[in-house]
Amino acid sequence: MKDTEHSVIVVVVKDIKVLAVQRSKTDYWMPLHWSMPGGHIVEGESPYNAAKRELQEETGLKANTLFYLGTKYGKDGNKLCLYRCDDYEGEVQLNFEHCDYKWVSIDEISDLKTTPRMREFIALALNIPLGYY
């Protein structure tokens, strides 16, 4: 099946920290930047199922429940569906797309070289009011 131009991101929450994954040094987009699990939606796949699939492929975590946070749109019109996951099974086991991971608070994000809007997405997932971060 073919990937669409639309994507998903999963903010995995444990206590008050979120899972940050570091993109591999050979990644075509923003190598070695910190991000969250996610990726393209496959043609014919729902965003919810894409989020569950991407989370498991990239981290080895199996989502039991995902909470839809909303959809953001890029300048090119592509959509990015955001989900929160705090009900999952397994331990983090990264695939080839990432070289490291860590659990971080929203305050620790500013110390990392991240992909765009990561702090905004984490604030949304943690229900932190606009302006705090």
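Structure: above.
Rules behind the numbers
- Residues numbered from 1 in each chain as written.
- Predicted model: local features only at pLDDT ≥ 70, side-chain atom pairs only at ≥ 80, totals over all residues.
- Heavy atoms only, no water.
- Helix = DSSP H or I, 4+ residues; strand = E, 2+ residues; numbered from the N terminus.
- Buried < 20%, exposed > 50% of the residue type's maximum accessible area, 1.4 Å probe, protein only.
- Phe/Tyr/Trp six-rings, centres within 6.5 Å; stacked < 30°, edge-to-face > 60°.
- Contact = heavy atoms within 4.5 Å.
- Pairing = 2+ DSSP bridges.
- Disulfide = S-S within 2.5 Å.
- Salt bridge = Lys/Arg side-chain N within 4 Å of Asp/Glu carboxyl O.

1. Here we look at the overall build of the protein
- For the protein, the helix and strand inventory stands at two helices and seven strands.
- Seen in sequence order, the protein has helices and strands lined up from the N terminus as β-β-β-β-α-β-β-β-α.
- Principal-axis analysis of the C-alpha atoms gives the protein an extent of 40 × 30 × 30 Å.
- Relative to its 133 residues, the protein shows a buried fraction of 41%.

2. Some details on the packing of aromatic side chains
- Within this structure, the stated rule accounts for two aromatic pairs.
- With 6.1 Å between their ring centres and 75° between their planes, Tyr-48 and Tyr-83 make a pair best called edge-to-face. Pair noted here: Tyr-48 is in helix H1 (residues 47-59) and Tyr-83 is in strand S6 (residues 79-89), with a separation of 35 residues, a long-range link.
- Among the residues examined, Tyr-48 registers a relative accessible area of 30% and is labelled partly exposed.
- Residue classification places Tyr-83 among the buried residues on the basis of a relative accessible area of 6%.

3. So, the side chain of Asn-95
- Mapped onto the elements of the fold, Asn-95 is located in the loop between S6 and strand S7 (98-104).
- If we skip the residues at most four places from it in the chain, Asn-95 touches Glu-57 and Glu-58.

4. Description of the pairing of strand S5 (residues 62-73)
- Bridge analysis of S5 against S6 gives nine bridges, and the strand direction is antiparallel. Counted as the bridge partner of Ala-63 is Tyr-88 from S6.
- Once S5 ends, the chain turns through five residues before running back antiparallel as S6, passing Gly-77 with a positive phi of about 90°.

5. Section: the side chain of Ser-7
- Along the chain, Ser-7 turns up in strand S1 (residues 3-14).
- Judged by relative accessible area, Ser-7 falls into the buried class, the value being 17%.
- Apart from residues no more than four positions distant in its own chain, Ser-7 is found in contact with Gly-39, His-40, Ile-41, Lys-79, Leu-80 and Cys-81.

6. Brief notes about unusual backbone geometry
- The backbone phi angle of Leu-32 is positive, close to 65°, even though this residue is not glycine.
- Along the polypeptide, Leu-32 turns up in the loop between strand S2 (17-23) and strand S3 (34-35).
- At Asn-127, a position not held by glycine, the phi torsion is positive, near 60°.

7. Concerning the state of the cysteines
- Under the definition given, this model contains zero disulfides.
- Left without a disulfide partner, Cys-85 is nearest to the cysteine sulfur of Cys-81, which lies 16 Å away.

8. Quick notes on the pattern of salt bridges
- Taken as a whole and assessed by the stated rule, the structure comprises eight salt bridges.
- A salt bridge links Arg-53 to Glu-45; its shortest N-O distance comes to 2.8 Å.
- Between Glu-120 and Arg-117 there is a salt bridge, with the nearest N and O atoms lying 2.9 Å from each other.
- The class for Glu-120 is partly exposed, based on a relative accessible area of 23%.

9. Thoughts on the environment of Tyr-88
- Relative to the assigned elements, Tyr-88 resides in strand S6.
- Separated by 76 residues in sequence, Tyr-88 and Val-12 place their C-alpha atoms 8.7 Å apart.

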